[in-house]
Each structure stands twice: as C-alpha cells, then as structure tokens.
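Now for the letters of each chain:
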Amino acid sequence: MADYIRIYDLEVYAHHGVYKEENFLGQKFLFSLELEVDMKKAGISDDLEDSINYGEVCKSVSDYAREHTFQLLECLAESISRMLLMKYPQILSLKVEVKKPWAPVGLPLKTVSVEIFRKRHTVYLSIGSNLGDKKAYLDGAIEEMQAHPWMRVEQNAEYLVTKPYGGVEQDDFLNGCVEISTVMEPQELLEALHEIEGHAQRTREIHWGPRTLDLDILFYDDQIINTKDLIIPHKEIPLRDFVLTPLAQIAPDKIHPVLKKSVKELKEELDS
C-alpha cells in the first residue's frame, strides 16, 4: 500500500498564459498535489526529519510559480512536478493539478485545470573514453550530469582500463558505469547525453572507433524500448565485460528485463 500527503488548492498569484495581458497583469492559480511518500518511519518516530515538510513543499511551489512564466498550464504543471521530484528525494511519485479559475475563454466556467502524474526514473549508463585525457573526460561528464537540472548522479563505479571493442585499431579505453535518477523521458535523456558528448568534441565518424566520450543508456527502469534511435536495454550488455564489471559494482542485483537474469549472473556467464 502506498502512502500519500495531499495538498489541496494552494493559491498562488502568478503570470502564466498565452496572452500578453496574462503575463503582465497576472492572475490566480490553484495547485493541488498528491505526494507519494513512505511514511512508515515517520509514523513510528513522530519526527519530521523522517517525513517531508509539506510547508516547505508549498513554499517551493509558490516560489517557482511566481518566479517563472509559462504560456501553457501543461508546461507549468510539468515544470513544477520536475522541480519537486528533483528537490525532494523523499517524493517517490506525484500528481500535480493546476487550476486556472480566471481563464479568459469568454464563457462562464468555474475553472480550467490540467492534471499530470510523474515519477523519477532510475537509469544505468556506460561511460568510456580512449582519446586525450580519458579520466578528465569521464570526470567532466559525471560533473555535467550532476549539474543538470533534471539529472542526479546516485553512484558511479571505479574506472576500468579495457581493450578496444569492435576490431578497430586504437588506444585502450577507460570505462565505467553510472547510476542516475532523472525526470526526463528516454529520448529526451538521450539528447541530453549527446549534448554532454558534444561538449567533449565527440564525433561519430567510425563505428566503434576512437572517441573522447561515449555515453550509452544500459537500463531505464525496467522499460523495453526498440526504436530507430534507441534500444533499451542496450543489446550488447551480455557480451561486454567492460560494461558488466563496473555495472556489477553498483547494481549486481539489477534484473535484465528481457533476459530475466541479474547483472551478477550475466557477468558470471560471460566470465565462464
């Protein structure tokens, strides 16, 4: 059974809307939140440190809504949900409803509202480099991930020196794995990772060729995705020791959603 903290109709005067007058004059918005929070420990200890301060949550929503301007309620609700999920790790998932009582539709109505449900996602990445200062490229990528507003680095494995994969003659690689939490969807995350690679002057001229920085999505929750641009889980996971060795450091019990085997089991099979 899930536990919830619910906040109804938090009133904020802010500047959101398609029309310039709405952005300039402002109007009233009402926010209702349903926060999934594990309250078992707080229920026993009676200590706020073991729960979440909903007064602080209300202030965060109010401040964010007043400090930013969006045309669409959809964008306002999305941004509020992302901000809360990244700011408060105690929130496992949430539902956000934004009401606009003074919507300028020219007809009598009580309110217009948008309601969305969002959660954080756990993602495992493979990172590698075999050009220039390899460690600096990997460290820089992790720092960029941590600085990104919609990503948080949870843990990373020790770096591993490995021989190149794929038959192209080149220098040894420095490889690792990183666990992140994110509110981005898979395609959006992929684009963000490509942007980080671009900051390291990554080029894609030779398949499996040398590169300053390589960031691959291994697992995204337990999702199975097969599109032109993105395959998750990464199809090479069972074949690559330079993936399984560092991944086993941080997620040995992670179950491959297709093969139904743990990372530890896949590594043992590859080693044998």
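In case you missed it, the structure is sitting above this.
Predicted model only: the values in this text are computed from it and were never measured.

> Explain the overall build of the protein to me, and be specific about the residues and the numbers.
In terms of regular secondary structure, the protein is built from 8 helices and 11 strands. Taking the principal axes of the C-alpha coordinates as reference, the protein spans close to 70 × 50 × 30 Å. Per-residue burial for the protein yields a buried fraction of 49% across its 272 residues. Pairs at least 24 residues apart make up 66% of the contacts formed inside the protein by residues separated by at least 6 positions.

> Hey, could you go over the nonpolar core for me, with residue numbers and the actual values?
Among the nonpolar cores identified, the biggest contains 60 residues, and Phe31, Leu84 and Met145 are the most heavily contacted of them. With 8 residues, helix α4 (residues 73-87) is the largest single contributor of residues to this core. Grouped together as the second largest cluster of nonpolar side chains are 14 residues, Cys177, Leu247, Val263 and Leu266 included.

> Requested: an account of the pattern of salt bridges, with residues and values cited.
Taken as a whole and assessed by the stated rule, the structure comprises 18 salt bridges. The residue lysine 95 makes a salt bridge to glutamate 34 at a minimum N-O spacing of 4.0 Å. Of this pair, lysine 95 sits in strand β3 (residues 91-100) while glutamate 34 sits in strand β2 (residues 27-37), and the two are 61 residues apart along the sequence. On the basis of relative accessibility, which here comes to 28%, the residue lysine 95 falls in the partly exposed class. Accessibility expressed as a relative area gives 18% for glutamate 34, which makes it buried. For the salt bridge of lysine 261 with glutamate 269, the shortest nitrogen-to-oxygen distance reads 2.8 Å. Judged by relative accessible area, lysine 261 falls into the partly exposed class, the value being 30%. One network of salt bridges, in which partners are shared, links Glu78, Arg82, Arg118 and Glu188.

> Go over helix α5 (residues 134-147), please, and point to the residues and values.
Helix length check: α5, at 14 residues, gives a terminal C-alpha distance of 20 Å against a target of 20 Å (1.5 Å per residue), a fit within 8%. Residues of α5 that are buried in the fold lie against β5 (121-129), β6 (151-156), β8 (173-182), α6 (186-199) and β9 (214-220).

> A description of the packing of aromatic side chains should follow, citing residues and the corresponding values.
Considering all chains together, one arrives at 0 aromatic pairs under this definition. The ring of tryptophan 150 is capped by arginine 82, whose NZ or CZ atom sits 5.6 Å from the centre of that ring.

> Tell me about a nonpolar patch on the surface, and name the residues and values.
A contiguous nonpolar surface patch, about 330 Å² in accessible area, is contributed by Val105, Leu107, Leu109 and Val112. Within the secondary structure, valine 105 is located in the loop between β3 and β4 (112-119). Owing to a relative accessible area of 44%, valine 105 belongs among the partly exposed residues under this scheme.

> Tell me about the layout of surface pockets, residues and numbers included.
Put simply, the second largest pocket is a space of about 190 Å³. Lining the second largest pocket are 14 residues, and of these Val18, Gln71, Leu72, Leu73 and Lys100 lie nearest its centre.

> Tell me about the pairing of β8, and please be specific about residues and values.
Buried residues dominate β8, accounting for 10 of its 10 residues. Looking at chain direction, β6 and β8 are connected through 5 bridges and run antiparallel. Its bridge partner being in β8, arginine 152 is matched across the sheet by serine 181.

> Help me get a handle on the environment of serine 62, residues and values and all.
Within the secondary structure layout, serine 62 lies in helix α3 (residues 54-67). Judged by relative accessible area, serine 62 falls into the buried class, the value being 16%. Spatially, the C-alpha atoms of serine 62 and tyrosine 13 are 8.5 Å apart, while their sequence positions differ by 49 residues.

> Just give me the short version of the packing of α3 against α4, but keep the residues and values in it.
Any two packed helices are characterised by the angle at which their axes cross and by the distance between the axes. The contact between α3 and α4 brings their axes to 10 Å, and the two run at 135°. On the basis of the axis angle, α3 is oblique to α4. Handedness of the crossing formed by α3 with α4: right-handed. Contact with α3, carried on its side by Val57, Ser60, Val61, Tyr64 and Ala65, involves Ser79, Ile80, Met83, Leu84 and Lys87 of α4 and no other residues of that element. Residues that form the contact of α3 with α4 fall into these classes: 7 nonpolar, 2 polar and 1 charged.

> Describe the side chain of lysine 254, and please don't skip the residues or the numbers.
If you trace the backbone, lysine 254 turns up in the loop between α7 (241-250) and α8 (263-271). One polar contact links lysine 254 to aspartate 222, side chain to side chain, over a distance of 2.7 Å.

Conventions we followed
- Every chain is numbered independently, its residues counted from 1 as its sequence is written.
- The predicted nature of this model means local features are confined to residues of pLDDT at least 70 and side-chain atom pairs, given and counted, to a pLDDT of 80 or more, with totals for whole chains, interfaces and linings taken over all residues.
- Side-chain descriptors were evaluated using all non-hydrogen atoms of the structure, hydrogens and water having been removed beforehand.
- Segments assigned H or I by DSSP are reported as helices when at least four residues long, segments assigned E as strands when at least two residues long, and all are numbered from the N terminus.
- Three exposure classes are used, based on accessible area relative to the maximum for each residue type with a 1.4 Å probe and protein chains only: buried under 20%, partly exposed in between, and exposed over 50%.
- Two residues form a contact once any of their heavy atoms are found within 4.5 Å.
- Nonpolar core, defined: a set of buried Ala, Val, Leu, Ile, Met, Phe, Trp, Tyr and Cys residues in which side-chain atoms within 4.5 Å join the residues together.
- What counts as a salt bridge is simple: a side-chain nitrogen of Lys or Arg found within 4 Å of a carboxyl oxygen of Asp or Glu.
- Take the residue count of a helix, subtract one, and multiply by 1.5 Å to get its expected span.
- Side-chain rings of Phe, Tyr and Trp (the six-membered ring for Trp) are treated as a pair once their centres are within 6.5 Å; stacked means planes under 30 degrees apart, edge-to-face means over 60, and tilted covers the remaining angles.
- Look at NZ for Lys and CZ for Arg. If either is within 6 Å of the ring centre and within 35 degrees of the ring normal, a charge sits over the ring.
- Residues qualify for a patch when their relative accessible area is over 30% and they have no salt bridge, like charges being joined within 9 Å and the nonpolar side chains of Val, Leu, Ile, Met, Phe, Trp and Tyr within 5 Å.
- The Shrake-Rupley method, run with a 1.4 Å probe, gives the accessible areas here. Residue values count only the displayed protein chains as cover.
- Residues are called lining when one of their atoms sits within 4 Å of a cavity or pocket point, these points coming from a 1 Å grid over the protein atoms alone, where a cavity is a set in which a 1.4 Å probe fits but cannot get out and a pocket is an open set with protein on both sides within 12 Å along at least five of seven lines.
- Grid points are joined across faces, edges and corners, and a volume is the space filled by probe spheres set on the points.
- Strands are labelled as partners when DSSP assigns at least two bridges between them.
- For helices, the fitted line uses only the C-alpha atoms of the stretch in contact; every axis is such a line through C-alpha atoms, and the angle between N-to-C directions lies from 0 to 180 degrees.
- Put simply, angles under 35 degrees are roughly parallel, angles over 145 are roughly antiparallel, angles from 65 to 115 are roughly perpendicular, and the rest are oblique.
- Handedness of each helix crossing follows the sense of rotation of the near helix against the far helix: counterclockwise by less than a right angle gives left-handed, clockwise gives right-handed.
- Lys, Arg, Asp and Glu make up the charged group, whereas Ala, Val, Leu, Ile, Met, Phe, Trp, Tyr, Cys and Pro make up the nonpolar group; the residues left over, Gly among them, are polar.
- Identification of polar contacts relies on pairs of N or O atoms within 3.5 Å, with a donor-acceptor requirement for protein atoms, meaning one able to donate a hydrogen and the other able to accept it, and with residues adjacent in sequence counted only if both atoms are side-chain atoms.

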